[in-house]
Amino acid sequence: MLCGRWRRCRRPSEEPSVPAPAAATLALPPSPASLDGGSRRPGLRALKKMGLTEDEDVRTMLRGSRLCKIRSHTWQKERLYRLQEDGLSVWFQRRIPHAPSKHIFFVQHIEAIREGHQSEGLRRFGGAFPAGRCLTIAFKGHRKNLDLVAPSAEEAQCWVRGLAKLRARLDAMSQRERLDYFLSTHTWIHSYLHRADSNQDSKMSFKEIKSLLRMVNVDMNDMYAYHLFKECDHSNNERLEGAEIEEFLRRLLKRPELEEIFWRYSGEDHVLSVSELLEFLEDQGEDNATLARAQQLIQTYELNETAKQHELMTLDGFMMYLLSPEGAALDPAHTGVFQDMGQPLPHYFISSSHNTYLTDSQIGGLSSTEAYIRAFAQGCRCVELDCWEGPGGEPVIYHGHTLTSKILFRDVIQAVRDHAFTLSPYPVILSLENHCGLEQQAVMARHLRTILGDMLVTQALDLQNPGELPSPEQLKGRVLVKGKKLPAVWSEDDRTLSDREEEEDEGEVEMMEAAERRRQDKQISPELSALAVYCCATRLRTLQPGPGPPQPCQVSSLSERKAKKLIHEAGNSFVRHNVRQLTRVYPLGLRMNSANYSPQEMWNSGCQLVALNFQTPGYEMDLNAGRFLVNGRCGYILKPACLRQPDTTFDPEYPGPPRANLTVQVLTAQQLPKLNAEKPSSIVDPLVRIEIHGVPADCARKETSYVLNNGFNPYWGQTLQFPLRAPELVLVRFVVEDYDTTSPNDFVGQFTLPLGSLKQGYRHIHLLSKDGASLSPATLFVHICVKYS
């Protein structure tokens, strides 16, 4: 039983447990002596479910290792790192004690584990240590890498292999296994119980129960809380223990709105037959609603073996189905590559980054090759390289004439070679902003050829039609260079084709050191020019096709201000231009803090390379992540037909009458995160806002009322409606905020996705944090209906 396991699990005082999401639960760190016979411990039972209790690497991690954390040449500190019993989190020592949640990281938040000197930090500061003892843990989102050195190569390998096994096991878990794991271990509840049980007697007074409720983000009315407490206090001694605590928790975790839906379809016998489940699927609007499909869902999600044998689904199985990816708002069929990838490059939105090298602001931020690796990990397919003259004949990358640090061009190209295709196989575009003289441009060209090798596109794929742009499918695994191109016949004077024209567009007025330097910057070397095959940077002078043959290989770069001017003044002409060739849009240079603009307005007109500061979280990056969430997160999204037809009449400023209507009934939320996890009295007052991002006539935002003092299971039951004129361009953003009467609301979580990938019916929205990390188990439960006219 849940509470029996809790009584046998004690918390070591030096390593406090903290509340954790259900999908990344935190058990209590065992001492080395406790590993023998540990299968009786609840955490080790969790590892047993993962099949790793006898794994020597995992056992080494459970005992803990003293690893040296590397930050600089002078900051190199030894710290204790220990895998916790749930197998999903690692506790680590800090010199100064912090809040408990600051002493852990979760396995599910790891992006990659690298061996040896495979991070910028270890290459710069870890050279004194053998590569075999070094490892890097790279995290999703904006958390910094963890560069570590183990006492021995064997111990380093234990952590590399052990973390890899845990990650692989998590990835391989079916949704049923994940939910069964959660339901059977409840280790997140264990951690709260330990904290709330002030005298550690395994019994809960009403005061301790109130403390527990605050910890799980519920400020329940005292009268109601005490009434529930007394109903569970069967021993009538003002203390809950054992089964009484379990009963209290089960009542707390009930989902009345799901039960009501279940009873509506199941009838008096309180189980769903195959035909009753099929009726539910049909009402949901499922495309493949068949008896065979209903039978498959029962076999996948039903926990009760007897019910499964009789092809019946209980309430628990029904809840597991609705909490699974198949019950989520995002269409599972769109999570892989499902679009036609054989069309020309201009027919796709392409995930693009501005000032990719920066980890912070463009005035004094740090430049790093890790920023490129993180961008690729987010599906970015077009990265920017600001290239300047460097010492020793080696070009460097940084934001010129600012205090940003510098990195070698060569190191960035190596990062492209090693990481560009780990997530997506589709082509990468290197957007060069070239400020180098002819000699270092030749060095750049040499590095591109020698480091990238066959990855680099150096000539047209179809020599018979060199002016036709290939498709992403044809360019799989290839790297394109976007840069200036010398004319076919050129003289010394023709070399003056500088990127400076683009910079003047950007409004980045910079003081040049000398007239000679300015002249050098404007020259293009033939070696570098030869690499601009399909992406030839050209200043946009007119939207009308010239009298000669089409020039699909020309790419124009526009500041957000100029792009908006064309959208408002040229409308359909700009849309048609973007059918033929690529357009890159970037933030104004005046955004000193690396803030972003809304990309939606640019997508509405068919601009493909809408470049954003990936290092700056906010709703703009939420929209970018939502746009490229589907199609396997490959960084390429096929544009709607109205943005691909050469003779299109579409104008985003005049989209016509409404063609669809979106109705969202916001029902409930579950286990919203506390904004101040270390302050028990901090309870959110949640409200839900739904935002529509599309053509200007479609843009809208509506919100529910707020629920006072309940982030655990708030109920709204409110309906919001949105008429849509260009539904094929719409992104829907679900936002949860903490209402505040005297100041702006605080952000809690969000999820953004294209309308075309939004499933109808009763759905769970799995919320994400400000930097895109999962907030599991935080969800919204909604009913969605889309009607097309």
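Just so you know, the residues in each chain are numbered from 1, in the order the chain's sequence is written. Selection of residues for local features in this predicted model requires a pLDDT of at least 70, selection of side-chain atom pairs for listing and counting requires 80 or more, and totals for whole chains, interfaces and linings are taken over all residues. The side-chain figures draw on all heavy atoms in the structure; neither hydrogens nor water molecules are used.

Engineer: What exactly am I supposed to notice about the overall build of the protein chain here?
Structural biologist: Strands here mean DSSP runs of E at least two residues long; helices mean DSSP runs of H or I at least four residues long; both are numbered from the N terminus. The helix and strand tally for the protein chain stands at 25 helices and 29 strands. Across the 789 residues of the protein chain, 57% fall into the buried class. In the protein chain, the share of contacts with a sequence separation of at least 24, taken over all contacts with a separation of at least 6, comes to 68%. In the structure as shown, the protein chain presents an accessible area of about 32,100 Å², 50% of it carried by carbon and sulfur atoms. Only protein chains enter the accessibility calculation, which uses a 1.4 Å probe. A residue is then buried if its area is under 20% of the maximum for its type, exposed if over 50%, and partly exposed in between. We call two residues in contact whenever any of their non-hydrogen atoms come within 4.5 Å of each other. Using a 1.4 Å probe, the Shrake-Rupley method yields the accessible areas, and only the shown protein chains count as cover for residues.

Engineer: Help me understand the environment of Tyr-265 in this model?
Structural biologist: On the secondary structure map, Tyr-265 appears in helix H11 (residues 256-266). Here the alpha-carbon distance between Tyr-265 and Ser-275, two residues 10 residues apart in the chain, equals 9.9 Å. Not counting residues up to four positions away in its chain, the partners in contact with Tyr-265 are Leu-272, Glu-276, Glu-279, Phe-280 and Asp-283. Counted as a polar contact is a pair of N or O atoms within 3.5 Å, where, for protein atoms, one must be capable of donating a hydrogen and the other of accepting one, and residues adjacent in sequence contribute only when both atoms are in side chains. Within the structure, the side chain of Tyr-265 is placed 2.7 Å from the side chain of Asp-283, a separation counted as a polar contact.

Engineer: Help me out: how do you make sense of the confidence of the model for the protein chain in this one?
Structural biologist: Regions with low pLDDT carry predicted coordinates that are not meant to be interpreted in detail. With 82% of its residues at a pLDDT of 70 or more, the protein chain shows a mean pLDDT of 85. Predicted confidence is poor over residues 181-188, with pLDDT under 50, and the contacts of this stretch with residues over four places away or in other chains come to 28 contacts. Known as pLDDT, the predictor's per-residue confidence is scaled from 0 to 100. Within the model, pLDDT remains below 50 along residues 490-517, and this stretch shows 67 contacts once partners closer than five positions in the same chain are excluded.

Engineer: For this particular structure, what's the right way to read the sheet that holds strand E3 (residues 89-92)?
Structural biologist: Read from one edge of the open sheet, 7 strands run E4-E3-E2-E1-E7-E6-E5, paired in antiparallel fashion. This sheet does not close on itself; its edge strands, each paired only once, are strand E4 (104-106) and strand E5 (110-115). Going across the sheet, the axis of each strand differs from the next one's by a mean of 30°, ignoring polarity. Any two strands with at least two DSSP bridges between them are considered paired. With 2 bridges connecting them, strand E1 (residues 65-70) and strand E7 (residues 146-149) associate as antiparallel partners. Paired with Lys-69 across the bridge in E7 is Leu-148. To obtain an axis, a line is fitted to C-alpha atoms, over the contacting stretch when the element is a helix, and the angle between two such axes runs from 0 to 180 degrees between their N-to-C directions. Contacts from helix H3 (residues 56-63) reach E1 and strand E2 (76-83), with the element oriented near 120° to E2.

Engineer: What am I meant to see in the pattern of salt bridges here?
Structural biologist: Any two side chains of opposite charge can pair, given that their charged atoms come close. Think of a salt bridge as a Lys or Arg side-chain nitrogen and an Asp or Glu carboxyl oxygen that are within 4 Å of each other. Per the stated rule, a full pass over the model turns up 25 salt bridges. Residue Glu-305 is joined to Lys-308 by a salt bridge in which the shortest nitrogen-to-oxygen separation is 3.5 Å. Of the two residues, Glu-305 and Lys-308 are both situated in helix H14 (residues 305-309); the distance of 3 residues between them amounts to about one turn of the helix. With a relative accessible area of 11%, Lys-308 lands in the buried category. Between Glu-384 and Arg-584 there is a salt bridge, and its shortest N-O distance comes to 3.5 Å. Separated by 200 residues along the polypeptide, Glu-384 in strand E12 (residues 382-388) and Arg-584 in strand E19 (residues 583-586) bring together distant segments of the chain. Each member of the pair, Glu-384 as well as Arg-584, is classed as buried. Each of Asp-622, Arg-689, Glu-691, Arg-733 and Glu-737 takes part in a single network of salt bridges with overlapping partners.

Engineer: So what exactly am I meant to see when it comes to the side chain of Ser-119 here?
Structural biologist: Within the secondary structure, Ser-119 is located in the loop between E5 and helix H4 (120-125). Ser-119 gets classed as buried once you look at its relative accessible area, which sits at 0%. A polar atom in the side chain of Ser-119 sits 2.8 Å from the side chain of Asp-147. In this structure, Ser-119 is in contact with Arg-114, Thr-136, Asn-145, Asp-147 and Glu-370, ignoring residues within four places of it in sequence.

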